Amino acid sequence: MSAPLLELRNLHVRAEGNDILRGVDLIVRAGEVHALMGPNGAGKSTLANVVMGHPGYDVTEGQILLNGEDIATWSTDERARAGIFLAFQYPEAISGISVVQFLRQAIAARKQLEELSVLEVRMDLMEWMDRLGMDPAFAERHLNDGFSGGERKRNEVLQMALLDPVLAFLDETDSGLDIDALRVVARGVRTVREARPSMGIVVVTHYVKLLEEILPDQVHILVDGRIEHSGGPELAEEIEAKGYDAWRPVTT
Ligand SMILES: Nc1ncnc2c1ncn2[C@@H]1O[C@H](COP(=O)(O)OP(=O)(O)O)[C@@H](O)[C@H]1O
Ligand SMILES: [Mg+2]
């Protein structure tokens with residue numbers, strides 16, 4: 001078994017006085033796909049944000065290790081340069097920037113280059129859009145200009161494929177995903193995984209359906225800031241039958 005790529009040890013996280021994560025242990029190895037599942041408000045997005053170094057969260061206890069090194073004090077930029085990726089949640093109102101322009105900026109930032117060849121980015125992009133079964137016209141669309149949930153997810157999956165991170169988080173949007181968007185995520189994860197076999201991927205979702213399509217190496221059920229159960233994709237059936245309540249600790 002390879003050494004851990006990401007290791008969370010007894011991670012406790014607080015934001016605005018609330019204890020959100022309360023002792024999370026998690027190991028993701030290179031090439032593994034993990035699904036982080038759980039009800040709304042469990043702390044799934046918080047976990048992704050805190051690994052990315054989002055400034056709104058305080059680590060009050062525990063460690064975040066990337067390839068064995070504690071990165072808890074690193075800035076978001078340093079983490080991005082080290083190859084951690086969290087699909088960029090741009091504000092609703094960015095207008096006038098096309099998908100291809102946006103991706104070119106994102107790749108330049110990740111690879112620390114001033115300028116990137118427009119042609120090269122476009123070739124890469126076209127190749128990936130083809131692999132992911134996307135219409136080439138999508139590259140010219142303006143960000144957020146009437147994007148459906150599926151199109152937003154396409155943009156995120158393209159970012160992940162082109163930026164080639166060592167560890168990628170794909171978080172669900174708060175507004176929920178339609179079936180089209182779920183397919184985009186599932187297909188995107190499978191395709192990127194084939195092409196980038198050493199990437200570690202954590203898919204954050206509360207959709208059981210997604211599990212059946214992605215077939216992750218491990219599934220973790222996060223409830224009230226703790227991973228209450230981990231298993232394989234077969235957990236989908238159990239979650240469907242019992243709901244997340246089955247994993248809520250009994251309170252007396
Ligand atoms: N920046 C923040 N400041 C204060 N509370 C937060 C912040 N982010 C998340 N929370 C709270 O933490 C809990 C977990 O949120 P979140 O991680 O978004 O859950 P999930 O993604 O599983 O739905 C929620 O109660 C949410 O209101
Ligand atoms: Mg969330």
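Chemist: Requested: an account of the overall build of the protein, with residues and values cited.
Modeler: Across its full length, the protein holds 8 helices and 10 strands. At 18 Å, the protein has a C-alpha radius of gyration in line with the 18 Å of a compact globule built from 252 residues. Seen along its three principal axes, the alpha-carbon backbone of the protein occupies a region of about 60 × 40 × 40 Å. In the protein, buried positions account for 37% of the 252 residues. Here the analysis covers contacts within the protein between residues at least 6 apart in sequence; of these, 72% occur between residues at least 24 apart.

Chemist: Provide a residue-level description of the site of ligand 1, including the pertinent values.
Modeler: The environment of ligand 1 is made up of 13 residues, and the closest members are A15, E16, K44, S45 and T46. Contributions of two or more residues to the shell around ligand 1 are made by strand 2 (18–29) and helix 1 (44–52). Here the element with the most residues in the shell around ligand 1 is helix 1; it accounts for 3 residues. Across the shell around ligand 1, the residue classes break down as 3 nonpolar, 8 polar and 2 charged.

Chemist: How would you sum up the sheet that holds strand 5 (residues 69–70)? Please name residues and give values.
Modeler: The 4 strands are arranged 2-1-4-5 in an open sheet whose pairing can be described as antiparallel. Of all strands in the sheet, those with a lone pairing partner are strand 2 and strand 5, marking the two edges. Inspection of the sheet shows strand 1 (residues 4–15) paired to strand 2 by 9 bridges, in the antiparallel sense. Pairing of P4 across the sheet is with R29, part of strand 2. Packed onto the sheet, helix 1 meets strand 1, strand 2 and strand 4 (58–66) and runs at close to 70 degrees relative to strand 2.

Chemist: Which residues make up helix 5 (residues 149–163), and what are the values?
Modeler: Given a rise of 1.5 Å per residue, 15 residues ought to cover 21 Å, and the 21 Å separating the end C-alpha atoms of helix 5 matches this to within 8%. The element helix 5 is extensively covered by neighbouring structure, given that 11 of its 15 residues are classed as buried. Taken together, the buried positions of helix 5 are E151, R152, K153, R154, N155, E156, V157, L158, Q159, M160 and A161.

Chemist: I'd love a proper account of the sheet that holds strand 8 (residues 200–205), names of residues and values included.
Modeler: Strand order in this open sheet of 6 strands is 6-7-8-3-9-10, and the pairing throughout is mixed. With one partner strand each, in any of the chains shown, strand 6 (84–86) and strand 10 (226–231) form the two edges of the open sheet. Here the strands of the sheet are splayed against their neighbours by 20 degrees on average, with no regard to which way each runs. With 5 bridges connecting them, strand 3 (residues 33–37) and strand 8 associate as parallel partners. Bridge assignment links V33 to a residue of strand 8, and that residue is I201. Docked against the sheet, helix 1 engages strand 3, strand 6, strand 7 (167–171), strand 8 and strand 9 (218–223), running at close to 145 degrees with respect to strand 7.

Chemist: I'd like a description of the pairing of strand 4, backed by residues and values.
Modeler: A regular strand places its side chains so that they alternate between the two faces of the sheet. Pairing of strand 1 with strand 4 involves 7 bridges; the strand directions are antiparallel. Within the sheet, the bridge partner assigned to L8 lies in strand 4 and is I64. Two elements, strand 4 and strand 5, share 2 bridges in a ladder whose sense is antiparallel. Its bridge partner being in strand 5, L65 is matched across the sheet by D70. Linking strand 4 back to strand 5 in an antiparallel pair, the connection comprises 2 residues, with N67 at a positive phi of about 50 degrees.

Chemist: Outline unusual backbone geometry, listing residues and values.
Modeler: For N10, which is not a glycine, the phi torsion comes out positive at approximately 45 degrees. With respect to the helices and strands, the residue N10 is situated in strand 1. The exposed category is assigned to N10, around which 12 C-beta atoms lie within 10 Å.

Chemist: Help me get a handle on the packing of helix 4 (residues 118–131) against helix 5, residues and values and all.
Modeler: Direction vectors running N to C along helix 4 and helix 5 enclose 120 degrees, while the axes themselves pass 10 Å from each other. By the angle class used here, helix 4 and helix 5 are oblique. With respect to the hand of their crossing, helix 4 and helix 5 are arranged in right-handed fashion. Facing helix 4, whose interface residues are D124, L125 and W128, helix 5 presents L158, A161 and L162.

Criteria and thresholds
- Residues numbered from 1 in each chain as written.
- Chains lettered and ligands numbered in written order.
- Predicted model: local features only at pLDDT ≥ 70, side-chain atom pairs only at ≥ 80, totals over all residues.
- Helix = DSSP H or I, 4+ residues; strand = E, 2+ residues; numbered from the N terminus.
- Rg over C-alpha atoms; globule rule 2.2 N^0.38 Å.
- Buried ≥ 20, exposed ≤ 12 C-beta atoms within 10 Å, placed from the backbone.
- Contact = placed C-beta atoms within 7 Å.
- Near = placed C-beta within 6 Å.
- Nonpolar A, V, L, I, M, F, W, Y, C, P; charged D, E, K, R; others polar.
- Pairing = 2+ DSSP bridges.
- Axes fitted to C-alpha atoms, helices over the stretch in contact; angles between N-to-C directions.
- Expected span 1.5 Å × (residues − 1).
- Parallel < 35°, antiparallel > 145°, perpendicular 65-115°, else oblique.
- Left-handed = near helix turned anticlockwise from the far one by under 90°.

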